[in-house]
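# Coordinate inspection notes
Each chain is listed here by its residues.
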Amino acid sequence: MRQLIILLSALLFVACGDAASSPAATATTSPVERGPSEAPNIRVDIEGLDPAGALLIGQSAEQQYRADEGTVDGSAVVFQRDEPYPAGHYYAYFTSGQGIQLLVTEDQTFTLTAKSIDVVETMQVEGSEENRLLYDALRYEANQQPDFARLGEALRNTQKGSP
């Protein structure tokens with residue numbers, strides 16, 4: 001569990017950090033050296049969900065904001081525009097009320113494919129190492145839930161003062 005927390009913390013730090021404001025970035029890194037962020041082409045194909053009306057919702061601290069509305073391309077929703085999205089943690093929300101998590105970094109061309117019956121377990125990621133690691137971590141956490149539930153129940157059944 002400790003490794004999962006460290007992995008998620010490091011992943012979110014890398015994905016959500018503002019590289020432009022760090023002392024190292026301002027001293028040694030220019031946009032030319034890093035390479036320009038590309039125009040986004042994020043494709044989300046969730047079998048069993050209607051892609052019409054899907055929204056890309058960004059998250060900044062405790063606030064959420066509407067970053068974009070997707071366009072339908074067959075059975076998928078595509079989030080595309082001329083300017084890159086700010087790096088960070090996003091959700092693709094569907095009109096059914098279901099949402100999926102995704103991380104947006106400098107590389108903004110990737111595809112997420114899954115089945116709506118179990119998005120985390122069936123998620124396939126193409127073109128984004130950060131999102132592949134995110135879903136690997138989410139799968140690991142989901143597999144640990146039965147053990148956590150069992151331990152929680154055992155703790156609730158102990159009497160005060162027992163070792």
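For the structure itself, consult the block above.
Note that this is a predicted model, so its numbers are computed, not measured. (Residues numbered from 1 in each chain as written. Predicted model: local features only at pLDDT ≥ 70, side-chain atom pairs only at ≥ 80, totals over all residues. Heavy atoms only, no water.)

## Digging into the pattern of salt bridges
Let me state the cut-off plainly: We define a salt bridge as a contact between a side-chain nitrogen of Lys or Arg and a carboxyl oxygen of Asp or Glu at a distance within 4 Å. The cut-offs for exposure are 20% and 50% of the maximum accessible area for each residue type, with area from a 1.4 Å probe on protein chains only; residues under the lower value are buried, those over the upper are exposed, and the others partly exposed.
Taken as a whole, this structure holds seven salt bridges when the rule is applied. Measuring nitrogen to oxygen at the nearest pair gives 2.7 Å for the salt bridge that ties R66 to E69. The exposure class assigned to E69 is partly exposed, which follows from its relative accessible area of 40%. Two residues, D136 and R132, come together in a salt bridge whose shortest N-O distance is 2.6 Å.

## Re the packing of aromatic side chains
Heads up, the condition is: Any two of the Phe, Tyr and Trp rings considered here, Trp counted by its six-membered ring, make a pair once their centres fall within 6.5 Å; the pair's planes then place it as stacked at under 30 degrees, edge-to-face at over 60, or tilted in between.
Applying the stated criterion to the full structure yields three aromatic pairs. A centroid spacing of 6.1 Å and a plane angle of 55° characterise the contact between Y85 and Y90, whose relative ring orientation is tilted. Pairing Y91 with Y93 gives two aromatic rings, centres 5.6 Å apart and planes at 20°, and the pair type is stacked. For Y91, a relative accessible area of 18% puts it in the buried group. The class for Y93 is partly exposed, based on a relative accessible area of 26%. Site record: aromatic cluster; members linked through ring pairs are Y65, Y85 and Y90.

## What about the environment of T113?
Threshold: Secondary structure elements follow DSSP: runs of H or I of four or more residues count as helices, runs of E of two or more count as strands, with numbering from the N terminus.
Positionally, T113 belongs in strand β8 (residues 109-115). When its relative accessible area of 31% is taken as the criterion, T113 is described as partly exposed.

## Things to note about the nonpolar core
This is how the line gets drawn: Here, the term nonpolar core denotes a set of buried Ala, Val, Leu, Ile, Met, Phe, Trp, Tyr and Cys residues that are joined through side-chain atoms within 4.5 Å. Here a residue-residue contact requires only that any non-hydrogen atoms of the pair lie within 4.5 Å.
One finds V44, I46, F79, I100 and L102 to be the most contacted residues of the largest nonpolar core, which totals 25 residues. Breaking this core down by element, the ones donating at least two residues are β1 (41-47), β5 (76-80), β6 (88-93), β7 (99-104), β8 and α5 (129-156). It is β7 that contributes the most residues to this core, four residues altogether. Discounting residues that sit within four places of it in the chain, I100 has contacts with V44, I46, Y90, Y91, A92, L112, V119, M123 and Y135.

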